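Overview (structure and organization)
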Amino acid sequence: MNKHDEYWMKQAIAEAKKAEEIGEVPIGAVIVKNGELLSSAYNLRESGQRAVAHAELLAIDKACEVSGTWRLTDCTLYVTLEPCAMCSGAIVLSRIDRVVYGASDPKGGCAGTLMNLLEEERFNHQAEVVKGVMAEECGELLSCFFKELRRRKKEQKRQQRKENEMFESQ
């Protein structure tokens, strides 16, 4: 971890909070080149009903557009949650040199938790992985989001049962 990692992770967290504000899973990503922000994005899977609308993929797509090339060499991707297999593949294919993530993903993490696709030597490109930058804050965003989601679903079920009981008693 270098002195800039925490600063850029805070920017990724700000993106994650934008996702949360619209009911998306709070995951944010930023791509930095030579100390300058190249792109930023947040999860939009639910909004667009698109399986590929992960924060990392959206940030990579924007960075390619801004830079005019699909090769994102000399770039660092900051993301609040460990990349999945799909995002890890895109990171390798886009030649991003460094990935810094916050919270580990025990169910889908492919940057060291379940496997490490980013540092797999059989690929023609590897990315340096720095894990756990502001992990507690990143993990808390996700934990709180899913806790609130479960609470709302439970409340909806309770309300539905109550309405059904009222209807049946009439």
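Everything quoted here is computed from the prediction, not taken from an experiment. (Residues numbered from 1 in each chain as written. Predicted model: local features only at pLDDT ≥ 70, side-chain atom pairs only at ≥ 80, totals over all residues. Heavy atoms only, no water.)

What to know about the packing of helix 1 (residues 5-21) against helix 5 (residues 135-169)
At a minimum axis distance of 10 Å, the contact between helix 1 and helix 5 shows a crossing angle of 10°. Put simply, helix 1 runs roughly parallel to helix 5. On helix 5, the residues touching Met9, Ile13, Ala16, Lys17 and Glu20 of helix 1 are Glu137, Cys138, Leu141 and Phe145. Residue classes in the contact of helix 1 with helix 5 are distributed as six nonpolar, no polar and three charged. (Axes fitted to C-alpha atoms, helices over the stretch in contact; angles between N-to-C directions. Helix = DSSP H or I, 4+ residues; strand = E, 2+ residues; numbered from the N terminus. Parallel < 35°, antiparallel > 145°, perpendicular 65-115°, else oblique. Contact = heavy atoms within 4.5 Å. Nonpolar A, V, L, I, M, F, W, Y, C, P; charged D, E, K, R; others polar.)

Concerning the UniProt feature "active site" (unreviewed entry) in the chain
Per the UniProt record, the feature "active site" (unreviewed entry) sits at Glu56. Secondary-structure assignment places glutamate 56 in helix 3 (residues 55-67). Using a relative accessible area of 4% as the deciding quantity, one classes glutamate 56 as buried. Each residue touching glutamate 56, except ones within four places of it in the same chain, is listed here: Ala29, Leu77, Val79, Leu81, Pro83, Cys84 and Cys87. (UniProt positions renumbered as here; feature names shortened; annotations may be inferred. Buried < 20%, exposed > 50% of the residue type's maximum accessible area, 1.4 Å probe, protein only.)

A few points about the pattern of salt bridges
All chains considered together, the criterion is met by eight salt bridges. The salt bridge involving aspartate 5 is made with arginine 98; its shortest N-O contact spans 2.7 Å. In this pair, aspartate 5 is assigned in helix 1 and arginine 98 in strand 4 (residues 98-103), connecting sequence segments 93 residues apart. We note that aspartate 5, like arginine 98, is buried. (Salt bridge = Lys/Arg side-chain N within 4 Å of Asp/Glu carboxyl O.)

With respect to the nonpolar core
Membership of the largest hydrophobic core comes to 42 residues, with the highest contact counts inside it found for Met9, Ile31, Leu72, Ile91, Ile96 and Leu118. Top element by residues in this core is helix 3. It accounts for six residues. Among all residues touching methionine 9, those that are not within four sequence positions of it are Tyr78, Val79, Thr80, Val100, Tyr101, Gly102, Val133, Met134 and Cys138. (Core = buried A, V, L, I, M, F, W, Y, C linked by side-chain atoms within 4.5 Å.)

What to know about the side chain of aspartate 5
Taking the relative accessible area as the measure of exposure, aspartate 5 reaches 0% and is therefore buried. At 2.7 Å, the side chain of aspartate 5 forms a polar contact with the side chain of arginine 98. Setting aside residues up to four positions removed in sequence, aspartate 5 forms contacts with Tyr78, Arg98, Val100, Val130 and Val133. (Polar contact = N/O pair within 3.5 Å; in protein donor to acceptor, adjacent residues only side chain to side chain.)

Things to note about helix 5
Between its first and last C-alpha atoms helix 5 spans 51 Å; for 35 residues at 1.5 Å apiece the expected length is 51 Å, and the two agree. The inward-facing, buried residues of helix 5 contact helix 1, strand 3 (75-81) and strand 4. (Expected span 1.5 Å × (residues − 1).)

Re the sheet that holds strand 3
Spatial ordering of the open sheet is given by 2-1-3-4-5, a layout of five strands whose pairing is mixed. Two strands lie at the open edges of the sheet, namely strand 2 (36-42) and strand 5 (128-131), each paired on one side alone. Taken over all neighbouring pairs, the strand axes of this sheet differ in orientation by 15° on average, direction set aside. Both strand 3 and strand 4 contribute to a ladder of five bridges, which runs parallel. The residue of strand 4 that forms the bridge with threonine 76 is arginine 98. Where helix 3 meets the sheet, it contacts strand 1 (28-33), strand 2 and strand 3, and its direction lies at approximately 140° from that of strand 2. (Pairing = 2+ DSSP bridges.)

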